[in-house]
Every structure is written in structure tokens, then in C-alpha cells.
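# Descriptive analysis of the structure
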Amino acid sequence: QCGKSVLANFLADATENIGGEYSPTQGVRILEFECPNINGNKGPGCEVELWDCGGDHKFETCWPAIMKDCHGVIIVFNADIPSHLKEIEMWHSNFIQQQRFQENQCLLIAHHKPGSGDDSEKPDLSPALSKLALVHSNLEEDPEDVRMEFVKYLRGVVTSLSESRDREEMSIIT
């Protein structure tokens, strides 16, 4: 209940579900969209598949399928809820450490729900989590800042993928 789906809808320009009664995501929703300005104004855009995963532990058996062929992880949390800080350590362990992601393939978003204010202080994170990029998200106050940070994050993921492919090609050649 930290606003993952609202944030995912915003980033994918899929706003048909904004507002209304809260309905928890059951398993996963996949949003597909193009991010045209991934390389600034030059070159083609980037096709993005954003998987909005439900936070309920009853879907834990689905996590291996969700992580298969994943290229990056965004952990969204509500910094105003103390239990979320403990929960994101579990998400970090399962989705980032076990997958051996590089830091630029990971992003933490402290999402601030409408009316909660914009407390952009750094939350008390564990040493492993504090190494990751942290973005404060408030779609009422600074929606385009959130989008710009997301594009910056995507650039890091694309760079990691490109470098990984280059290394793989070089290992085949040598």
C-alpha cells in the first residue's frame, strides 16, 4: 500500500486506474511502453516492460518467475511507515543481492502519497541499501522530477546491458 501501482501507471502514462478505491495488485501487472528520450535527443527510444509486483508475501512462489530475465529492480516504499524500512531489506535480499545486480540496475523510491507532505530526508537505511540511488517521489509536487529520475535509472540499466553484451561478445572472440 505504498503507491507502486499509481507510480507505475504514471511512469507508463497509463492513467486509467488513478483514483478510486484501493485494490491491491494480485501477483503482477505488466505495463509496456516506449521511453523515447533514453539517450537524450539522439538515437531510438527504449522499449520498457515495467512489472508492477504485488507486495503480498502470498505471491512469494511467483518471485522466481518474476525475476527471470529481469534487467533491473525498483523498490518502492513509504518511508513514513517504519515496517517498510524492514521490508525493503527483505526485498533487497531477494530481488537484488540474490540476482547479483549492479548498483546502477537498482533504484529505491520513497513514494509520498497525496496529502502526506514531502519529507525528502534520507530514511535510516541499512549499509547495503544506502549504496543504492534513492529518489523521493511526490506526484502532486514534482511529477516530472520523478519521470526524469526514472529515465536516468533506465539509462543506467541500458548501459549495464550494453556492457554485459560487450563482455560476452569479447569472451566469445577470445
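Provided above is the structure to which this section pertains.
Notes on the structure follow. Keep in mind the model is a prediction, meaning the values are calculated, not measured.

Moving on: the sheet that holds strand β5 (residues 133-137). Pairing between sheet strands relies on hydrogen bonds along the backbone, with the strands arranged either parallel or antiparallel. Strand order in the open sheet made by the three strands is β3-β4-β5, with parallel pairing throughout. Looking at strand neighbours, the two that pair on one side only are β3 (73-77) and β5, the edges of this open sheet. Averaged over all pairs of adjacent strands, the angle between strand axes in this sheet comes to 25 degrees, irrespective of strand direction. Relative to strand β4 (residues 106-111), β3 is paired through five bridges, and the arrangement is parallel. When the bridges of β4 are listed, Phe-77 appears paired with Ala-110.

Mapped onto the elements, Asn-94 comes out in helix α3 (residues 82-97). By relative accessible area, Asn-94 is classed as buried at 16%. Sequence-distant contacts of Asn-94, that is, excluding residues within four places in its chain, are made with Trp-63, Met-67 and Gln-99.

What follows is about the packing of aromatic side chains. A full pass over the atoms with the stated rule returns five aromatic pairs. Their ring planes at 35 degrees and their centres at 6.3 Å tell us that Phe-33 and Phe-150 sit as a pair that is tilted. With a gap of 117 residues between them, Phe-33 in strand β1 (residues 28-35) and Phe-150 in helix α5 (residues 143-173) connect regions that are remote in the sequence. Looking at Phe-33, the relative accessible area reads 12%, which means it is buried. Given the relative accessible area of 4%, Phe-150 is considered buried. With 4.8 Å between their ring centres and 50 degrees between their planes, Trp-63 and Trp-91 make a pair best called tilted.

What counts as what
- Think of each chain on its own: its residues are numbered from 1, step by step along the sequence as written.
- In view of the model being predicted, local features appear only for residues whose pLDDT reaches at least 70, and side-chain atom pairs are presented and counted only at 80 or more, with totals across whole chains, interfaces and linings using the full set of residues.
- Note: side-chain values were computed over all heavy atoms of the structure, leaving out hydrogens and water.
- Strand pairing requires that DSSP identify at least two bridges connecting the strands.
- A helix here means a DSSP run of H or I that spans at least four residues, while a strand means a run of E at least two residues long, and both kinds are numbered starting from the N terminus.
- Axis definition: a line fitted to C-alpha atoms, limited for helices to the stretch in contact. Angles are taken between N-to-C directions and run from 0 to 180 degrees.
- Relative accessibility under 20% of the residue-type maximum defines a buried residue, over 50% an exposed one, and the middle range a partly exposed one, all with a 1.4 Å probe and only protein chains included.
- Here a residue-residue contact requires only that any non-hydrogen atoms of the pair lie within 4.5 Å.
- Centres within 6.5 Å make a pair out of two Phe, Tyr or Trp rings, where for Trp the six-membered ring is used; the pair is then stacked when the planes are under 30 degrees apart, edge-to-face when over 60, and tilted otherwise.

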